[in-house]
Every structure is written in structure tokens, then in C-alpha cells.
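Structural features, examined
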Amino acid sequence: MTDVEYSSESLYDELVRHKLILPVSEPGAFGRGAVFEDVLERFGDLVTRISKNDGAERMQFPPILDRKTFEKSEFLDSFPHLAGTVFSFKGTEAEAKELQAKVKAGENWEDTQSMTGVALAPAACYPVYPACAGTVPDEGRLVYMQNWVFRHEPSPEPTRMQSFRCREFIRIGKPEAVFEWRNAWHKRGLELLLSLGLPATSDVAADPFFGRGGRMLAANQKDQKLKFEVLVPVISKENPTAVCSFNYHQDHFGKIFGIYTPDGELAHTACLGFGMERVVMALFKTHGFVPAEWPKYVRDLLWP
Amino acid sequence: MVEDIRSILKEHGKLSVDIAGLSDDADLYQAGLTSHASVNVMLALEGKFDIEFPDRMLKRNVFESVSAIRAAIEELTGGA
């Protein structure tokens with residue numbers, strides 16, 4: 001391959017120029033065009049095809065999470081800076097007038113809002129754990145879904161979105177079964193992305209935990225090899241972008257949501273998620289911005 | 001110092017066993033210390049001993065036993 005130049009600005013400009021993304025005034029909240037969506041759906045179909053014999057059960061939740069589950073999940077202990085809680089107006093007619101007047105005058109109107117019973121989904125898999133509370137069968141459970149997730153990290157980098165789709169598989173069961181499943185999918189995920197001609201590599205990773213305590217949590221996570229990512233250069237060669245991540249939670253969610261194996265032990269959980277928009281951007285960056293011109297073997301996989 | 005470390009572990013460590021029954025070299029993670037609890041232990045130690053753990057010390061093995069914690073604090077306070 002000839003030398004590819006990587007930059008966040010040039011990727012954004014090219015995506016806009018080819019109408020693949022549709023700019024809006026807030027960073028990380030752009031729309032997606034028809035061709036972008038077609039590629040995203042085709043990649044999703046490919047994931048479905050390669051996993052069709054796994055016997056995964058589909059669950060679909062809205063892109064919001066009930067606040068009790070959100071609070072219980074301990075997301076705020078690790079990532080208070082990324083969370084998004086939904087606020088709404090609950091006032092009287094007079095107070096509504098006040099709200100409208102403030103908005104029209106360009107004044108701050110946050111004091112007219114109060115917290116609702118929902119938060120934006122911080123990860124696609126969170127509602128699955130309470131849904132699996134109790135004792136799982138001997139062979140455990142395997143669930144999949146695709147959902148929008150929210151992360152409060154506005155950025156001009158096209159790969160860092162405030163809202164994006166994650167295609168996830170979640171495995172719940174005995175520790176050794178969950179660990180093996182995570183390792184098998186790690187290999188499979190890497191092979192899948194390589195088969196699409198993406199220069200993918202994999203590495204041990206850590207989540208962007210908050211603060212100094214977070215640096216310790218990140219070091220712990222790396223030490224224990226609890227998270228792996230598959231990375232592809234998209235906006236930088238030196239710092240490739242994570243397009244897929246594999247997380248082994250050990251008994252974290254089992255303990256919080258009361259999930260047990262038939263022998264009465266706490267169930268372990270793991271999940272893997274493809275960052276769908278990032279995979280699509282990696283394909284555009286690697287093969288060019290016009291899918292009709294992509295190599296035949298890539299097109300054959302995505303448009304069989 | 002060991003008594004202060006033990007009392008912080010008792011208050012913040014959320015151990016699944018009584019700290020009094022553990023030796024100074026016992027593995028605290030085996031005794032139920034979670035990653036999040038170890039962060040609270042770390043912050044409480046900083047307050048108690050008026051120290052700040054540098055990034056290189058914000059690691060799992062630094063907080064794995066009473067002895068390991070004591071060694072880290074001694075390093076930061078010049079063995080005082």
C-alpha cells in the first residue's frame with residue numbers, strides 16, 4: 001500500500017464532501033448519509049452471517065436506560081464525565097412561559113429542568129444484565145443487539161462521537177466458559193476486520209476512567225488483561241482507532257444484578273462491541289470514499 | 001503505621017473477611033478487595049499520611065497487601 005496520510009480534519013472534510021456525514025452545529029452529533037448507512041448495515045449483516053450458528057438470543061432496548069439500573073451499574077463511579085442523564089420540564093403553565101421567554105432571550109434555562117427517570121444508554125449491554133438476573137442455565141446465556149449509546153465527549157474528531165451505534169454480544173455464565181468465549185471472539189473479530197482489508201491489530205486496552213483514581217482503575221484493568229481492542233489507523237497511524245472492544249467484567253455485573261450459575265456461584269460476564277460508525281470510517285479511510293471502487297473481495301463480503 | 005493502614009482497610013476496603021484475621025502479607029485482592037475499593041483505600045491513605053501517590057504507584061501490586069502498602073508509604077515519606 002502507498003503511504004496514506006492520516007488526519008482528523010481531512011477525514012472529516014472528505015466524509016462531508018462525499019455526503020457520507022451531514023454536519024450539525026454540535027461536535028460529535030453529525031448525521032449519516034445514505035451510503036454511510038448502507039455500508040453500516042452491510043457490515044452488521046456480515047457480523048450476523050458469521051455468528052449465525054452461535055445461537056445468540058436477540059434483545060432490543062431503547063437507547064435509554066432506567067435510572068435505577070443506571071445508578072446500580074456503578075457507571076458513575078468510573079465515568080462520571082461521560083454520562084448523560086435526561087432532564088425535562090415538569091413545571092406549571094406560568095413556569096413554561098418563563099422557560100420559553102428565557103430560551104427566546106438566549107438566557108440560561110437549565111433551572112427550568114429537572115431529572116427524569118431515565119439516562120441515555122452509556123453502553124448497549126447494560127440493560128441485559130438485570131434482564132438476566134437469577135440463575136442462568138448450565139451452558140450460560142448469549143445475547144446480541146445493536147443500539148445507540150451516548151458518551152459526553154464532544155470533539156471535532158469524526159471518530160469521537162457523542163452518540164453512535166454499538167453492535168454487541170454478551171456472554172453470561174461460568175468463569176471458564178465466559179473467558180474462553182471472549183478469547184475466541186477476540187480472534188474472530190480480528191480475522192473479520194482483516195478479511196475486509198483493514199490493517200487491524202489488537203492490543204490490551206483500558207477504559208477512559210475518570211480522575212486519579214481512574215488511572216489506578218485503568219492500570220488494574222491492563223494488568224489483569226480485562227480489555228482488548230482491535231485497532232485500525234483511521235485518523236492517525238501512531239494512535240490507531242479502536243473499532244472493536246472485548247471486555248471481561250469477571251463477577252462485577254453478576255454481583256450487582258444478582259446473576260448466578262446453577263451451582264450457586266456468581267456468574268461471570270463479558271461483552272464485545274463493534275463501534276459501527278468507526279468500522280465504516282475505517283473502511284472509507286482504507287479503501288476510498290466511493291464503495292463502488294472498493295476491491296472486489298471487500299465488496300463480495302459486504303454485498304454478497 | 002500498620003495499625004493506621006489496617007484501620008483504613010477496615011473502613012474502605014469492603015473486604016469479605018475481617019482484616020484482623022489477615023497477616024501483613026496476605027493478598028488483599030483474594031480477601032475481596034475490588035478495584036473500586038482499592039481506589040477508595042488509596043485516597044484515604046493519601047489523606048491520612050498527607051502523601052500523593054505518583055502515577056507509577058497507582059498500580060494493583062502497590063495495594064496488594066498491608067506490607068506492600070507500608071513499603072509504598074515509607075518510600076513516599078522517606079521511611080519516616
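No experiment lies behind these values; they were computed from the predicted model shown.

**Considering the overall build of chain B**
Helix and strand counts for chain B stand at three helices and zero strands. In sequence order, chain B lays out its α and β elements as α-α-α. What you see for chain B is a C-alpha radius of gyration of 11 Å, in line with the 12 Å of a compact globule of 80 residues. For the C-alpha atoms alone, the extent of chain B along its principal axes is close to 30 × 20 × 20 Å.

**A word on the sheet that holds strand β14 (residues 268-275) of chain A**
The strands making up a sheet are joined through hydrogen bonds of the backbone, oriented either antiparallel or parallel. All names here are of chain A. One open sheet holds the seven strands; their spatial order is β3-β8-β9-β14-β12-β11-β10, and the pairing between them is mixed. Sheet topology places β3 (57-58) and β10 (201-204) at the edges, where each strand pairs with a single neighbour. Across four bridges, the pairing between β10 and strand β11 (residues 227-232) is antiparallel. Considered in β11, the bridge of S202 is made with V230. Packed on one face of the sheet, helix α7 (residues 175-195) meets β8 (141-150), β9 (163-173), β10, β11, β12 (241-250) and β14 and runs near 15° to β14.

**What about the packing of helix α2 (residues 34-50) of chain A against helix α10 (residues 276-287) of chain A?**
Residues and elements named next belong to chain A. Here α2 crosses α10 at 110°, and the two axes come no closer than 9 Å. By the angle class used here, α2 and α10 are roughly perpendicular. Packed against α2, whose contacting residues are V35, F36, V39, L40, F43 and G44, the element α10 presents M276, E277, V279, V280, M281, L283 and F284 at the interface. Along the lines of polarity and charge, the residues of the contact of α2 with α10 split into 11 nonpolar, one polar and one charged.

**Notes on the interface of chain B and chain A**
On the side of chain A, 13 residues touch chain B, which itself brings 14 residues to the contact. Taking both partners together, chain B and chain A bury about 1,200 Å²; carbon and sulfur atoms supply 56% of that area. Where chain B touches chain A, the interface holds three salt bridges. A salt bridge links B:D55 to A:R215; its shortest N-O distance comes to 2.8 Å. At the junction of chain B with chain A, the criterion picks out five residue pairs in polar contact (both at pLDDT 80 or more). Within the side of chain B that touches chain A, the residues separate by chemical class into five nonpolar, four polar and five charged.

**Concerning the environment of A:S51**
Residue and element names in this part refer to chain A. The residue S51 is located in the loop between α2 and β3 in this model. Put simply, S51 and R188 are 137 residues apart on the chain and 9.8 Å apart in space, counted from C-alpha to C-alpha. In this structure S51 touches F169, W185 and R188, once residues within four positions along its chain are discounted.

**A short note on unusual backbone geometry**
In this structure, A:E74 takes a positive phi of about 70° despite not being glycine. In this structure, A:E74 sits in the loop between α3 (67-72) and α4 (75-78). With relative accessibility at 28%, the residue A:E74 sits in the partly exposed group. Despite not being glycine, B:K14 shows a phi value in the positive range, around 45°. When you line up the elements, B:K14 lands in the loop between α1 (2-12) and α2 (35-49).

**Describing the domain arrangement of chain A**
Residue and element names in this part refer to chain A. By the assigned domains, chain A splits into domain 1 (8-70 + 122-302) and domain 2 (85-121). On a C-alpha basis, the centroid separation for the pair domain 1 and domain 2 is 33 Å. If you look at the interface, domain 1 gives 11 residues, while domain 2 gives eight residues. Summed over both sides, the interface of domain 1 with domain 2 buries roughly 820 Å², with 64% coming from carbon and sulfur. Looking only at domain 1, the three residues that lose the most surface to domain 2 are I64, R67 and F150, adding up to 56% of its buried area. On inspection of domain 1 and its partner domain 2, the count reaches five residue pairs in polar contact (both at pLDDT 80 or more). Sorting the residues of the side of domain 1 that touches domain 2 by element identifies β4 (64-66), α3 and β8 as the ones contributing at least two each. Here the side of domain 1 that touches domain 2 is composed, by residue class, of nine nonpolar, no polar and two charged.

**Details of the nonpolar core**
With 110 residues, the main nonpolar core has A:F43, A:L193, A:F274, B:L45 and B:F53 as its most contacted residues. Setting aside residues up to four positions removed in sequence, A:F274 forms contacts with A:F43, A:V47, A:R165, A:C166, A:R167, A:W185, A:G189, A:L192, A:L193, A:V243 and A:C244.

**Some thoughts on the packing of aromatic side chains**
Residue and element names in this part refer to chain A. Per the stated rule, a full pass over the model turns up 17 aromatic pairs over all chains. Relative to F79, the ring of F75 has its centre 5.0 Å away and its plane inclined at 40°; by these criteria the two rings are tilted. Comparing F75 with F79, the two get one shared label, buried. When the ring of F179 is compared with that of Y248, the centres are 5.7 Å apart and the planes differ by 55°; the resulting orientation is tilted. Taken together, the residues F179 in helix α7 and Y248 in strand β12 connect sequence positions 69 residues apart.

Rules used throughout
- Residues numbered from 1 in each chain as written.
- Chains lettered and ligands numbered in written order.
- Predicted model: local features only at pLDDT ≥ 70, side-chain atom pairs only at ≥ 80, totals over all residues.
- Heavy atoms only, no water.
- Helix = DSSP H or I, 4+ residues; strand = E, 2+ residues; numbered from the N terminus.
- Rg over C-alpha atoms; globule rule 2.2 N^0.38 Å.
- Pairing = 2+ DSSP bridges.
- Contact = heavy atoms within 4.5 Å.
- Axes fitted to C-alpha atoms, helices over the stretch in contact; angles between N-to-C directions.
- Parallel < 35°, antiparallel > 145°, perpendicular 65-115°, else oblique.
- Nonpolar A, V, L, I, M, F, W, Y, C, P; charged D, E, K, R; others polar.
- Buried area = accessible area lost by both parts, 1.4 Å probe.
- Salt bridge = Lys/Arg side-chain N within 4 Å of Asp/Glu carboxyl O.
- Polar contact = N/O pair within 3.5 Å; in protein donor to acceptor, adjacent residues only side chain to side chain.
- Buried < 20%, exposed > 50% of the residue type's maximum accessible area, 1.4 Å probe, protein only.
- Domains from an automatic or database assignment.
- Core = buried A, V, L, I, M, F, W, Y, C linked by side-chain atoms within 4.5 Å.
- Phe/Tyr/Trp six-rings, centres within 6.5 Å; stacked < 30°, edge-to-face > 60°.

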